[in-house]
Amino acid sequence: MDRNDENDGQPARIPQQRSSVPSFLFLIFMLFILTNHTGDEFLARNHYQDALQSLNYQLSNFTAWLNGTESNFTMPDRNTAAAPLVGSFMSFGSRLNPQWASYFSNVTGFAHGEIDFFNITPPSLGSTTYPWRIHAETFMGDTNMTDLVGHFGSWNWTGSDKISWSIMDRAPISVKGRYEKIAMVHGRIDVPGFEGVHFLANGSIYGFAEPAGRHIDIRYIPAFVPEDFQNDTARMIEPELMSRVNKVKDMIDAGVIDQDATNGESQGGCGFSVYAQIAPSDIPAEDMEDLEDELQKPTGRWTVNLFFRKVATYAGISAFVYLLQLLLLSRQVDRSRTPAGLSRVSLWTFLTQSIVDSVSFAGHITFAIIANGRPSLSLVAPAFVACVLFAFESQHAILINQVQAPEDAVAPPPPRPVQQEPSLPSQAVPISTTATPRSTGPTFSSLLFRHIRSDPQARICRAWNVFFLTFIVRVIVTPSLALVFVASMYSLFWLPQIVRSVKKGRSSALTAEYLIGTSLCRLFHALYFLACPKNVLDIEPRRWIWYLAMFIFLQVAVILLQQHFGPAFFLPKRFARAQVHDYHPALPLSAADPEAPDESLGDCAICMEAIHTEDEKQLEHVTAGLLRNVGARRSYSLAPCQHLFHTECLEKWLAIKNICPHCRRPLPPL
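Residues numbered from 1 in each chain as written. Predicted model: local features only at pLDDT ≥ 70, side-chain atom pairs only at ≥ 80, totals over all residues. Heavy atoms only, no water.

**Q** Which residues make up the overall build of the protein, and what are the values?
**A** Looking only at helices and strands, the protein features 22 helices and ten strands. Pairs at least 24 residues apart make up 69% of the contacts formed inside the protein by residues separated by at least 6 positions. In the form shown here, the protein has an accessible surface area of approximately 42,500 Å², with 59% of it arising from carbon and sulfur atoms. (Helix = DSSP H or I, 4+ residues; strand = E, 2+ residues; numbered from the N terminus. Contact = heavy atoms within 4.5 Å. Areas by Shrake-Rupley, 256 points an atom, 1.4 Å probe, with all protein chains shown as cover.)

Next comes the structure, spelled out in structure tokens:
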């Protein structure tokens, strides 16, 4: 039927036009989102504009003050009582003989240590007998205690006894009329802001630290340094202000806006006066300058690099430890290569070690990338050996999984009988003339997906990829998670082996050489980073690493005692019963022909020869001619699948495979 014929006699529908009001509102909404300037980015841009205006104002006033012209800037008076009080706690450095010693000219880096708090207010001093009490009373003499309490804020000053200092040391700038080498430093000391100056001649650092929400005016730094260095410090401030003005201009022009610039919770209204002194080194000043030039512009030439020496020493010792560990692993693999030996070791023991080695490989590579230069080349050696060790342990773990997988395999259920449907009376069935589509075979993607799901090696590789991407990378970049990882992985080295030996009723196949040697090698890296205070990464020592080391060697002692006193020697008898298959039950001779000239239990399923109860050769081999009845029982072995073997034949077979040669079912250890 024609479509036009269906519409005959009915009025044609006129399509309704869509209203333009929703579209107009949607366009207005999108324009509002695109042009809205009330977000964080707009606030940050305004913050930069205000900062640029403030810096220009500070620069103009400070330049006028240096030139002696009219200016709104006034240098505050020096607090003469601060120097004696600070001198009671620390001593500032002096000029050294450049031929024998020098100070580090670049202190860029991260420092941490312990800190002691002293309350120097008059009410807190009370009747104390501090040697610096007189200086503290002089320093706090004109302080308004009411205003001081109001500036404390909500920050817990004594909440921690640790301090962290992140510092960036800039290269000194040559300024006309300045005779001292002074470098500007900035960073943070447990508070967001720090600004100061570093005197390269005596290694002294003076600066201010302010909490979040408070601005540091570097123009006041000259009033904070010793009076002899005030003029040189003032000439250093002007080029620093100019560089900051240019930096803010470039950021605004390039559109680089830090939206977190205006964020931050105030930690109180009190600022800090920072006094620091760098310890002198025994490196001559000329060699120290060569070291700094090489660090700034690497050319590959030899310099006195303490960090490189430290990293190279660690890398050499670490590579040697990994090689020793690889040797111990290869010797252990050769001794437990057979299925009988592989069935006596725990899969998780080698998996945990391979996980630790993979993290070690990734960590050394990351450290090499960060170190840069010659230190990175030395770190490649332990990273490479750790990667090889990871490959060997993973391969051995896969082999153990292949051998032990049949032990947990579930026997397939018997096939259900096929029920035939009752025959229906023959009827004329119409034959379709349409050709049935030809069935196509499985595609390559379906076969690959099926292989990944079914093959045990593919499953392990897939699990490793997911584990590496989701966990190992996060362990490297998260210090707190790295400590949890070390504690958990190191505590699981030998514990799965103890559990497996108890469950299977057999001692492990791990030698004392491998257990003790591997434990010592594993603990080398853990003790170096978590017990040595002068490690290459400056990680703070942890006391619990010693308890972890004792726990590891306790596990080693338990495994060695299991080999002498039994796998469950430390458990009560009611919990120490392991289900072990009896290969030598008492078998009647009725199954054999009683009229046969020699009594036999049947034929061996391996060699196809008769199993005699009076096998003289077997008796001599098993009992040396003694206890003939016991020897007759041990001349045969009955598998759980009820297949009978010679004991000698079955031992040779289990050295190759741990499945029945007749029905392919898994066999327990003999």
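**Q** Just give me the short version of the side chain of Ser 501, but keep the residues and values in it.
**A** Considering the arrangement of structural elements, one finds Ser 501 in helix α17 (residues 495-504). On the accessibility criterion, Ser 501 (1% relative accessible area) is buried. Apart from the residues within four sequence positions on either side, Ser 501 is in contact with Arg 506, Ser 507, Ser 508, Gln 562 and Pro 567. (Buried < 20%, exposed > 50% of the residue type's maximum accessible area, 1.4 Å probe, protein only.)

**Q** Tell me about the packing of aromatic side chains, and name the residues and values.
**A** Tallied over the entire structure, the rule returns 28 aromatic pairs. Members of the aromatic cluster, each reached through a chain of ring pairs, are Phe 92, Phe 199, Tyr 206, Phe 208, Phe 224, Phe 229 and Tyr 275. (Phe/Tyr/Trp six-rings, centres within 6.5 Å; stacked < 30°, edge-to-face > 60°.)

**Q** Describe the pattern of salt bridges, and please don't skip the residues or the numbers.
**A** Scanning all chains against the criterion turns up twelve salt bridges. For Arg 133, the salt bridge identified is with Glu 137, shortest N-O distance 2.9 Å. Here Arg 133 pairs with Glu 137, and both are found in helix α6 (residues 133-139), just four residues apart, close to one helical turn. Looking at Arg 133, the relative accessible area reads 25%, which means it is partly exposed. The class for Glu 137 is partly exposed, based on a relative accessible area of 36%. Of the charged contacts in the structure, one is a salt bridge between Glu 240 and Arg 244, with a shortest N-O distance of 2.9 Å. A residue pair is termed a helical-turn pair when its members lie 3 or 4 positions apart in one helix, as Glu 240 and Arg 244 do in helix α8 (residues 230-254) at four residues. Grouping residues by exposure puts Glu 240 and Arg 244 together as buried. Linked by salt bridges that have partners in common, Arg 170, Glu 195, Glu 240 and Arg 244 make up one network. (Salt bridge = Lys/Arg side-chain N within 4 Å of Asp/Glu carboxyl O.)

**Q** For the packing of helix α12 (residues 347-371) against helix α18 (residues 512-531), give the residues involved together with the corresponding values.
**A** Relative to each other, α12 and α18 sit at 25 degrees, their axes nearing to 13 Å. The angle between the axes of α12 and α18 places the two elements in the roughly parallel class. The hand of the α12/α18 crossing is left-handed. Across the interface between the two elements, Phe 350, Gln 353, Val 356 and Asp 357 of α12 pack against Tyr 514, Thr 518 and Arg 522 of α18. Tallied by class, the residues present in the contact of α12 with α18 amount to three nonpolar, two polar and two charged. (Axes fitted to C-alpha atoms, helices over the stretch in contact; angles between N-to-C directions. Parallel < 35°, antiparallel > 145°, perpendicular 65-115°, else oblique. Left-handed = near helix turned anticlockwise from the far one by under 90°. Nonpolar A, V, L, I, M, F, W, Y, C, P; charged D, E, K, R; others polar.)

**Q** Give me the lowdown on the state of the cysteines, citing residues and values where you can.
**A** With the rule as written, the count across this model stands at zero disulfides. The cysteine Cys 604 is free of any disulfide, with Cys 607 supplying the nearest cysteine sulfur at 3.8 Å. Take Cys 604: its relative accessible area is 0%, and that puts it in the buried class. Looking at Cys 660, it has no disulfide partner, and the nearest cysteine sulfur is the one in Cys 641, 3.6 Å off. (Disulfide = S-S within 2.5 Å.)

**Q** Residues and numbers for the nonpolar core, please.
**A** Counting 40 residues, the largest nonpolar core has Phe 350, Phe 485, Tyr 490, Trp 494, Leu 510 and Tyr 514 as the members making the most contacts within it. At the level of secondary structure, the elements contributing two or more residues to this core comprise α10 (306-335), α12, α13 (374-404), α16 (479-491), α18 and α19 (544-565). With seven residues, the top contributor of residues to this core is α19. The contacts of Tyr 490, once residues within four sequence positions are left out, are Val 356, Arg 522, Leu 523, Ala 526, Leu 548 and Ile 552. (Core = buried A, V, L, I, M, F, W, Y, C linked by side-chain atoms within 4.5 Å.)

**Q** With reference to specific residues and values, describe the packing of α18 against α19.
**A** Where α18 meets α19, the axes come as close as 10 Å, and the angle between the chain directions of the two elements is 175 degrees. On the basis of their axis angle, the class for α18 and α19 is roughly antiparallel. Across the interface between the two elements, Ala 512, Leu 515, Ile 516, Ser 519, Leu 520, Leu 523, Ala 526, Leu 527, Leu 530 and Ala 531 of α18 pack against Trp 544, Ile 545, Trp 546, Ala 549, Ile 552, Phe 553, Val 556, Ile 559 and Leu 560 of α19. Its residues assigned to classes, the contact of α18 with α19 comprises 18 nonpolar, one polar and no charged.

**Q** Pulling in residues and values, what's your account of the side chain of Thr 518?
**A** Residue position: Thr 518 is located in helix α18. A distance of 2.7 Å separates a polar atom in the side chain of Thr 518 from the backbone oxygen of Tyr 514. The residues touching Thr 518, leaving out its near neighbours within four places in the chain, are Gln 325, Leu 328, Gln 353, Trp 494 and Glu 513. (Polar contact = N/O pair within 3.5 Å; in protein donor to acceptor, adjacent residues only side chain to side chain.)

**Q** Could you give me a rundown of the pairing of strand β4 (residues 193-199), with the residues and numbers involved?
**A** Among the seven residues of β4, seven are classified as buried, and the element is accordingly described as predominantly covered. Both faces of β4 are covered, namely the face carrying Gly 193, Glu 195, Val 197 and Phe 199 and the face carrying Phe 194, Gly 196 and His 198. Looking at chain direction, β4 and strand β5 (residues 204-210) are connected through seven bridges and run antiparallel. Paired with Phe 199 across the two strands is Ser 204, which belongs to β5. Hairpin connection from β4 to β5: four residues lie between these consecutive antiparallel strands, with Gly 203 at a positive phi of about 70 degrees. (Pairing = 2+ DSSP bridges.)

**Q** Requested: an account of the environment of Trp 494, with residues and values cited.
**A** Along the chain, Trp 494 falls in the loop between α16 and α17. For Trp 494, a relative accessible area of 1% corresponds to the buried category. Along the sequence, Trp 494 and Thr 349 sit 145 residues apart, while their C-alpha atoms lie 6.0 Å from each other.

**Q** Report on unusual backbone geometry, specifying residues and quantitative values.
**A** Phi is positive for Met 608, close to 65 degrees, though the residue is something other than glycine. Residue placement: Met 608 occurs in the loop between β7 (600-603) and β8 (610-612). On the accessibility criterion, Met 608 (60% relative accessible area) is exposed. At Gln 642, a residue that is not glycine, the phi angle is positive and equals roughly 70 degrees.

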